[in-house]
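Spelled out from the first residue to the last, the chains are:
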Amino acid sequence: MRLKPGALLRFYSLCGILVQVAATKSKARGSQGQFPLTQNVTVVEGGTANLTCRVDQNDNTSLQWSNPAQQTLYFDDKKALRDNRIELVRASWHELSISVSDVSLSDEGQYTCSLFTMPVKTSKAFLTVLGVPEKPQITGFTSPVMEGERMQLTCKTSGSKPAADIRWFKNDKEVKDVKYLKEEDANRKTFTVSSTLDFLADRNDDGAVVSCRVDHESLNSTPQIAMQVLEIHYTPLVKIISSNSWPEEGQSIILTCESKGKPVPEPVLWTKDGGELPDPERMVVNGRVLSISFLNKTDNGTYRCEAKNPIGRNSTEYVLIVHDVFNTLLPTTVIPSLTTATVTTTVALTTSTTTSATAINTRDPNALAGQTGPDHALIGGIVAVVVFVTLCSIILLGRYLARHKGTYLTNEAKGAEDAPDADTAIINAEGSQVNAEEKKEYFI
């Protein structure tokens, strides 16, 4: 059977179509396991972003990167967009990687990697651009500040994305009670953040370092810090320090006037009882020190130290009491001396009578002078015991003398008491004198 030329042409065309369809189906079956893989990228403003698209199985199918505006950046290894910041990193059948340098906030958005299979497969990668906050600044400080005035310090930073965090510190100790304010910038992408520290100036804050710290994820754990040293002016604080806690007569004392203020106080002024120092020869002022030598009772009084500076003045007082020099007396035993005395009296007629009497002679005790010890209670106790013993001895001696008073009678007078006249009294007295016992003496 012989075919016509027209029929033969139609046969070859049909065979070509069948072969092409079969090839297309085979390619579609092979592309079912292909899919592009991408990752989101975060980069700091001004840095470089690397965008990578990978395909595990690829049979020579093209890859393409496009920006958020759907502009083609690279098609395989061919650059499509004229942007000097965009460079090819790697191009193969399994990977297409590009880099974008000097990234700006406008580069942020969703980038697309396309695999040109049937149908086309895509993968999205979101590029996040972090806005770096500007270096913070502290405003509202005027130097110097008077004690008691209210201070408002404001720390401000702009250009952060997302909004930065501000923290306050005073001498490395965080201050929590602050105000925080966040505002969106005109570009509607970044933020301006401010924080206010409000407090009353105190003399303890003089020289303190107040710092404002800005924390942000774009700073890589290295915060930006602004610092301000406080200068507080205040009136002097005055205090008197004594070198002797128990001044005694004849000793010396040194009074030191300590004054602290800002500005530094002028030389201090010493006064006594509201007037000038009465004895400049013994009371010597050397700067802030008052020295008093050879103390006596006239030095007792109130001493005032006054210090002043341009902010104001202040003073303090010290009451000086000069004490006696205490001597510790050693107790001595008083032994009375017993002596015999003969007394002559005349009764009616001149007659010598002998009686005994007792006299008490007391020796002056020898007191040993000494300096007073530190235990004044012990000294007082000893003195009290000595006085008590002495009083008891005097009372007992008085009672003894009162009991024996009037017992002194003479033997010569015996018998003459009942005589009617003088002659009889003489005779009786003579008789009695013959028989009289020897004189008796009484000792006390």
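Residues numbered from 1 in each chain as written. Predicted model: local features only at pLDDT ≥ 70, side-chain atom pairs only at ≥ 80, totals over all residues. Heavy atoms only, no water.

1. Here's the deal with the state of the cysteines
Chemically, a disulfide is nothing more than a covalent bond linking the sulfur atoms of two cysteines. In the structure shown here, the tally under the stated rule is three disulfides. Residue pairing for C53: its cysteine sulfur links by disulfide to C113, the two sulfurs lying 1.8 Å apart. In this structure, the disulfide formed by C53 and C113 twists by about -75° around the S-S bond and is classed as left-handed. Placement of the pair is C53 in strand β3 (residues 49-55) and C113 in strand β9 (residues 109-115), with a sequence separation of 60 residues. Classification of C53 as buried rests on a relative accessible area of 0%. Disulfide pairing is shown between C155 and C212; the S-S distance is 1.6 Å. Measuring handedness by torsion sign, the sulfur bridge of C155 and C212 sits at about -65° and is left-handed. (Disulfide = S-S within 2.5 Å. Helix = DSSP H or I, 4+ residues; strand = E, 2+ residues; numbered from the N terminus. Buried < 20%, exposed > 50% of the residue type's maximum accessible area, 1.4 Å probe, protein only.)

2. A word on the nonpolar core
In this structure, L63, W65, I98 and L127 are the most contacted members of the largest nonpolar core, which totals 22 residues. At the level of elements, β2 (41-44), β3, β4 (63-66), β5 (72-75), β8 (95-100), β9 and β10 (121-130) are the ones that each hand at least two residues to this core. No other element matches β3, which puts four residues into this core. Membership of the second largest hydrophobic core comes to 20 residues, among which are M151, F199, A208 and V214. (Core = buried A, V, L, I, M, F, W, Y, C linked by side-chain atoms within 4.5 Å.)

3. Quick notes on unusual backbone geometry
Look at the link from M118 to P119: it is a cis peptide, with omega at 0°. Mapping P119 onto the fold places it in the loop between β9 and β10. Each neighbour pair has its own omega, and for S143 with P144 the value is -5°, a cis peptide bond. Residue position: P144 is located in the loop between β11 (137-139) and β12 (145-146).

4. Let's talk about the environment of V175
Mapped onto the fold, V175 is located in strand β15 (residues 173-175). Setting aside anything within four residues of it in sequence, one finds V175 in contact with W168, F169, K170 and L197. (Contact = heavy atoms within 4.5 Å.)

5. Remarks on the sheet that holds strand β23 (residues 283-286)
The sheet built from five strands is open, its strands ordered β12-β20-β21-β24-β23 with mixed pairing. One side of each edge strand has no neighbouring strand; the edge strands of this open sheet are β12 and β23. Alignment of strand β21 (residues 253-262) against strand β24 (residues 289-292), held across four bridges, turns out to be antiparallel. By the bridge assignment for β24, L255 is matched with L290. (Pairing = 2+ DSSP bridges.)

6. A closer look at the pattern of salt bridges
Scanning all chains against the criterion turns up 22 salt bridges. Residue R85 is joined to D83 by a salt bridge in which the shortest nitrogen-to-oxygen separation is 3.3 Å. Judged by relative accessible area, R85 falls into the partly exposed class, the value being 23%. Across the salt bridge formed by D205 and K170, the nearest N and O atoms sit 3.6 Å from each other. Taken together, the residues D205 in the loop between β17 (191-200) and β18 (209-215) and K170 in strand β14 (residues 165-170) connect sequence positions 35 residues apart. Its relative accessible area of 23% is what places K170 among the partly exposed residues. It is possible to trace a salt-bridge network through shared partners that takes in R167, E174, K176, R213 and D215. (Salt bridge = Lys/Arg side-chain N within 4 Å of Asp/Glu carboxyl O.)

7. Here we look at the confidence of the model for the protein
When pLDDT is averaged across the protein, the result is 80; 72% of the residues are at 70 or more. In this model, residues 18-31 is a region of pLDDT below 50 whose contacts with residues beyond four sequence positions or in other chains number four contacts. Here residues 330-374 scores under 50 on pLDDT; set against residues more than four positions off or in separate chains, the count is 68 contacts. (pLDDT = per-residue confidence, 0-100.)

8. Digging into the side chain of N58
In this fold, N58 is placed in the loop between β3 and β4. Polar side-chain contacts of N58 include one of 2.8 Å to the backbone nitrogen of T61. Other than its neighbours up to four places away in sequence, N58 contacts Q34, W93, H94 and L115. (Polar contact = N/O pair within 3.5 Å; in protein donor to acceptor, adjacent residues only side chain to side chain.)

9. Points about the sheet that holds strand β13 (residues 150-160)
Backbone hydrogen bonds hold the strands of a sheet together, and the pairing may be parallel or antiparallel. Here four strands make up an open sheet; going across it, the order is β11-β13-β17-β16 and the pairing antiparallel. Taken across any chain shown, the strands that pair with only one partner, and hence form the sheet edges, are β11 and β16 (179-184). The mean inter-strand angle of the sheet, taken between neighbouring strand axes irrespective of direction, is 20°. Here nine bridges tie β13 to β17, and the two strands are oriented antiparallel to one another. By the bridge assignment, S160 is partnered in β17 with F191. (Axes fitted to C-alpha atoms, helices over the stretch in contact; angles between N-to-C directions.)

10. Quick notes on the packing of aromatic side chains
In the structure shown here, the tally under the stated rule is one aromatic pair. The ring of F191 carries K182 above its face, with NZ or CZ at 5.4 Å from the centroid. (Phe/Tyr/Trp six-rings, centres within 6.5 Å; stacked < 30°, edge-to-face > 60°. Lys NZ or Arg CZ within 6 Å of the ring centre and 35° of its normal.)

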